[in-house]
Structures are given as structure tokens and as C-alpha cells.
Amino acid sequence: MKLKNVFQRKETKYLLTTTQFHSFIEELKKQMQIDDYGLHTILSLYFDTADDRFITNSMNKPRYKEKFRVRSYGVPTDSSLVFLEIKKKVNGIVYKRRLPLTYSEYLKWLQTKDFPSQNHEQIQQEVDWLFRKNPDLSPKTLIIYERMSLFGKNDPHFRVTFDQHIRFRQTNLNLAITGEENLVAPELGVLMEVKALGAYPLWFVELLNAYQLRKGSFSKYAETYKRHLFIQTKEENQHVI
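Conventions we followed
- Residues numbered from 1 in each chain as written.
- Predicted model: local features only at pLDDT ≥ 70, side-chain atom pairs only at ≥ 80, totals over all residues.
- Heavy atoms only, no water.
- Helix = DSSP H or I, 4+ residues; strand = E, 2+ residues; numbered from the N terminus.
- Buried < 20%, exposed > 50% of the residue type's maximum accessible area, 1.4 Å probe, protein only.
- Contact = heavy atoms within 4.5 Å.
- Areas by Shrake-Rupley, 256 points an atom, 1.4 Å probe, with all protein chains shown as cover.
- Lys, Arg positive; Asp, Glu negative; His and termini not counted.
- Charge placed at Lys NZ, Arg CZ, Asp CG, Glu CD.
- Arc of directions from axis to C-beta.
- Core = buried A, V, L, I, M, F, W, Y, C linked by side-chain atoms within 4.5 Å.
- Axes fitted to C-alpha atoms, helices over the stretch in contact; angles between N-to-C directions.
- Parallel < 35°, antiparallel > 145°, perpendicular 65-115°, else oblique.
- Left-handed = near helix turned anticlockwise from the far one by under 90°.
- Nonpolar A, V, L, I, M, F, W, Y, C, P; charged D, E, K, R; others polar.
- 1 Å grid on protein atoms, 1.4 Å probe; cavity = no way out; pocket = protein on both sides within 12 Å on 5 of 7 lines; lining within 4 Å.
- Points joined across faces, edges and corners; volume = space filled by probe spheres on them.
- Salt bridge = Lys/Arg side-chain N within 4 Å of Asp/Glu carboxyl O.
- Pairing = 2+ DSSP bridges.

Caption draft 1: Quick look at the overall build of the protein chain. Of the regular secondary structure elements, the protein chain holds six helices and ten strands. In terms of overall dimensions, the protein chain has a C-alpha envelope of 50 × 45 × 35 Å along the principal axes. By the burial criterion, 44% of the 241 residues in the protein chain qualify as buried. Counting contacts in the protein chain only where the partners sit at least 6 residues apart, residues at least 24 apart contribute 70% of the total. When the accessible area of the protein chain is evaluated, it comes to approximately 12,900 Å², of which 51% is carbon and sulfur surface. Across the protein chain, the centroid of the 37 positively charged side chains sits 5 Å from that of the 28 negatively charged ones.

Caption draft 2: Spatial organisation of helix α5 (residues 202–210). Looking only at α5, the buried set comprises Phe204, Leu207 and Leu208. Along the axis of α5, the buried positions cluster into a sector of 100°, meaning they face one direction only. Residues of α5 that are exposed and angled more than 90 degrees away from the buried face: Leu202 and Ala210. Residues of α5 that are buried in the fold lie against β1 (6–16), α1 (18–28), β8 (159–169) and β10 (190–196). Count one or two residues on from α5 and you reach Gln212, which has phi positive near 55°.

Caption draft 3: The arrangement of the nonpolar core in detail. In this structure, Phe47, Phe68, Val70, Leu84, Tyr106, Trp109 and Val127 are the most contacted members of the largest nonpolar core, which totals 23 residues. Broken down by secondary-structure element, the contributors of at least two residues to this core are β3 (40–48), β4 (64–73), β5 (81–90), β6 (93–102), α3 (103–112), α4 (121–133) and β7 (138–152). In terms of residue count, the dominant contributor to this core is α4 (four residues). Formed by 20 residues, the second largest nonpolar core is a distinct cluster that contains Leu16, Val194, Ala196 and Leu208.

Caption draft 4: Expanded view of the packing of α1 against α5. Where α1 contacts α5, the axes come no closer than 11 Å and their chain directions differ by 160°. Judged on the interaxial angle alone, α5 and α1 are roughly antiparallel. The chirality of how α1 crosses α5 is right-handed. Every residue of α5 that contacts α1 at Phe24, Glu27 and Leu28 is listed here: Trp203, Phe204, Leu207 and Leu208. Its residues assigned to classes, the contact of α1 with α5 shows six nonpolar, no polar and one charged.

Caption draft 5: Structural view of the layout of surface pockets. In this structure, the second largest pocket spans a volume of roughly 200 Å³. Lys10, Glu11, Thr12, Lys89, Gly92, Ala196, Leu197, Gly198, Tyr200 and Lys215 are the residues that line the second largest pocket. Considering every element that reaches the lining of the second largest pocket, the biggest residue donor is β1, with three residues. Taken together, the residues of the lining of the second largest pocket sort by class into three nonpolar, three polar and four charged.

Caption draft 6: Local environment of the environment of Gln124. In this structure, Gln124 sits in helix α4. Each C-alpha atom of the pair Gln124 and Leu99 lies 7.2 Å from the other, and the pair is 25 residues apart in sequence. When sequence neighbours within four positions are dropped, the list of residues in contact with Gln124 reads Leu99, Phe115, Ser117, Gln118 and Asn119.

Caption draft 7: Focus on the pattern of salt bridges. Here the structure, examined in full by the defined rule, presents 23 salt bridges. Across the salt bridge formed by Glu26 and Lys29, the nearest N and O atoms sit 3.2 Å from each other. According to the relative accessible area criterion, Glu26 is partly exposed, its value standing at 44%. We classify Lys29 as partly exposed; its relative accessible area is 34%. Here Arg169 ties to Glu181 by a salt bridge, and the two come within 2.5 Å at their closest N and O atoms. Residue Arg169 is located in strand β8, and its partner Glu181 is located in the loop between β8 and β9 (182–183); the two are separated by twelve residues in the primary sequence.

Caption draft 8: Molecular detail of the pairing of β5. As defined by bridge partners, β4 adjoins β5 across nine bridges and the pair is classed as antiparallel. Within β5, the residue paired with Ser72 across the bridge is Val82. Of the pairings in the sheet, the one linking β5 to β6 comprises ten bridges and is antiparallel in character. Note that in β6 the partner of Lys89 across the bridge is Val94.

Set out below in C-alpha cells:
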């Protein structure tokens, strides 16, 4: 399957209980198909500035916001692909551009900011520009979770994902290591994200109504920052004073 490196779509979130999830996904399977990854682990390493400018701006809900992260589908080995991602949201539309590198290439890039080749040159230039504009941009928070993704049998661009066991750590930000994380929101059941450009299929709208699901708001990085990291940063600043 050809890798897709440029995305444009709306992303809408819903919060489900574990019980709702198990029955809801069985209904979805009548119209949708689980993708090739099946249930898999996602690791997202978020970069930010020394003053946490990206996340604090995002939490103010501006019309335009952006973030930079490195994403791995599964715990990487040297030859595994990871993706450098620039994710922007403009007036509710998400634009994502990503650059694939092997994990070993990523580790070299992390030290030098030099890319191994001129493939995907436009996206490389965008990443370079972002780091020139924010010279103190660096790894800050690793978020890990398990995901199940489905795509429409009649419309493969219509996708629904389910994320569980969302956890984080702020130290030892090595993508190849897991098991040292804490849950972001212990009370959370399952986070569902619906990714679509146009209107939802009628059958899906009827399914949302049958389960009485309404749009929610849960940003993994924002919730981590708000619940855990902001308090920690505030306490560290008080000790400095």
C-alpha cells in the first residue's frame, strides 16, 4: 500500500465507555473494515518550545494552530519507518504533512537536523523552516496508546479510529522504550475520532443517534499538559522563585 504523506480532513472526537465501544464497533464492521494494522500501538513524540508555546497556543483554541511530532506505528527498530509530522488546523480543517524516515535516520536527524536524502523535498523544507522559526523546538512529551482503525467499505477516505490506554511520559523520550508511562486520564474509556472531508454517511449519523453519542473534546497532548505537565511546570517555577 502506497504511503500517504499529505492529508486534509475534518477530525471530530467522541468519548465512549468501554461497554459502548464493544457493541459500537460490531455495528461499524457491517459498513467498515479494520485496516491492515489491526490493534496496534502508536507512539507520538511531541516537540515544543522552552516556554511551551505550541501547546499553550493550541489550548487557547485559535483559528490557526500547529504542532510538530514524530510518530511511530509500533515500537521502532533501526529499520522501522517513523514519521516527522507537521499538523495544522485552520478553521476546523486539519492539514497534515509527514516525512518518512527510518528510525536510525531519525536519530541522526535529531542530532544534526540534516536529512539523509532529497526525497519529499517540499516537506523537508517545511520542517526546516519550522525549526528555523522556532530554534528551541525540542522533544517534550511522549504519548503512547493502542489504536484500532477502520475505513469505509464504500468510501475508504471515511475513517474511524478508537484509542485506548492513553499514557505519557516526559523523561527518557526514547521511542524504542515503553513501560515507564502513566495514564493521562484514568477515567477515560475509549476515544473515538471520525476523519472525513464531507458529510457523514447517513448510516453513521443514525448509529451516533442510536448510541446517543455527541461531539466531545479531548486532545491527548493538551489533556496531558493541563492535567500533569502544567502543574509540574508551575511547581518548578515556584521553587525557582
